[in-house]
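Each chain, letter by letter, is given below.
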Amino acid sequence: TQLLEQSPQFLSIQEGENLTVYCNSSSVFSSLQWYRQEPGEGPVLLVTVVTGGEVKKLKRLTFQFGDARKDSSLHITAAQPGDTGLYLCLTYNQGGKLIFGQGTELSVKP
Amino acid sequence: NAGVTQTPKFRVLKTGQSMTLLCAQDMNHEYMYWYRQDPGMGLRLIHYSVGEGTTAKGEVPDGYNVSRLKKQNFLLGLESAAPSQTSVYFCATQRMGGGQPQHFGDGTRLSIL
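Quick look at the structure, then. (Residues numbered from 1 in each chain as written. Chains lettered and ligands numbered in written order. Predicted model: local features only at pLDDT ≥ 70, side-chain atom pairs only at ≥ 80, totals over all residues. Heavy atoms only, no water.)

**Section: the state of the cysteines**
In total, this model carries two disulfides over all chains according to the counting rule given. The side chain of C23 of chain A participates in a disulfide bridge whose partner is C89 of chain A; the two sulfur atoms lie 2.1 Å from each other. Judged by the sign of its S-S torsion, about 80°, the bond between C23 of chain A and C89 of chain A is right-handed. Of this pair, C23 of chain A sits in strand β3 (residues 19-24) while C89 of chain A sits in strand β9 (residues 85-92), placing them 66 residues apart in sequence. With a sulfur-sulfur separation of 1.9 Å, C23 of chain B is cross-linked through a disulfide to C91 of chain B. Between C23 of chain B and C91 of chain B, the disulfide has an S-S torsion of -75° and is therefore left-handed. With a gap of 68 residues between them, C23 of chain B in strand β3 (residues 19-25) and C91 of chain B in strand β9 (residues 87-94) connect regions that are remote in the sequence. (Disulfide = S-S within 2.5 Å. Helix = DSSP H or I, 4+ residues; strand = E, 2+ residues; numbered from the N terminus.)

The structure is reproduced here in structure tokens:
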């Protein structure tokens with residue numbers, strides 16, 4: 001059974017700090033999606049990574065897909081209060097079943 | 001564009017009452033999902049549908065029923081609500097095909113007293 005482990009589970013930082021969130025599995029990902037969920041709203045897709053070693057940037061967010069496609073990371077540079085939310089990773093196993101990570105709850109204080 | 005609309009947004013029920021949550025989409029997506037989200041437990045799949053007239057069980061289906069009579073609507077029913085079903089419920093849609101992104105509604109906050 002493929003599981004997605006996200007770490008850390010909680011993160012509280014000051015505005016301007018950098019942070020990295022991880023999403024790991026013992027199995028190879030076909031692809032991996034990152035979502036952000038703001039309080040009171042549903043998750044919204046940030047990015048999809050497909051190719052091992054891939055790096056995608058979205059303003060201050062940098063997403064990496066491990067060479068072996070078993071891990072992914074999300075790095076935020078100079079975090080802002082607007083980055084506060086729950087960050088989730090999602091993948092699909094070989095049978096097409098979707099698997100969510102438990103999420104990383106990020107709080108950025110002004 | 002409404003996208004994915006969930007109604008109601010909030011509801012308080014007494015134990016034993018029944019209710020139906022509605023998810024409506026205007027994106028013509030084949031797949032629809034119902035999740036519940038509880039603190040520290042992420043999103044857990046309740047039921048899903050890969051097309052009109054078809055439904056399947058997810059990870060935590062007990063105590064819930066669903067129907068997909070029309071492609072654009074996916075209903076989640078609680079026949080006899082229990083306090084353990086207090087949660088935030090999210091509906092999501094997805095285009096058919098591997099690895100497609102999920103599109104979520106804004107959730108229904110349900111409290112069972």
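**Regarding the interface of chain B and chain A**
By a widely used convention, the size of an interface equals the accessible area lost when the partners come together. Between chain B and chain A, the contact holds 16 residues from the first and 17 residues from the second. Carbon and sulfur atoms supply 55% of the area buried between chain B and chain A, which totals about 1200 Å² over both sides. For the pair chain B and chain A, the interface holds zero salt bridges. Counting the contacts that link chain B with chain A gives six residue pairs in polar contact (both at pLDDT 80 or more). Elements represented by at least two residues in the side of chain B that touches chain A include exactly β4 (31-37), β9 and β10 (102-104) of chain B. Top element by residues in the side of chain B that touches chain A is β4 of chain B. It accounts for three residues. (Contact = heavy atoms within 4.5 Å. Buried area = accessible area lost by both parts, 1.4 Å probe. Salt bridge = Lys/Arg side-chain N within 4 Å of Asp/Glu carboxyl O. Polar contact = N/O pair within 3.5 Å; in protein donor to acceptor, adjacent residues only side chain to side chain.)

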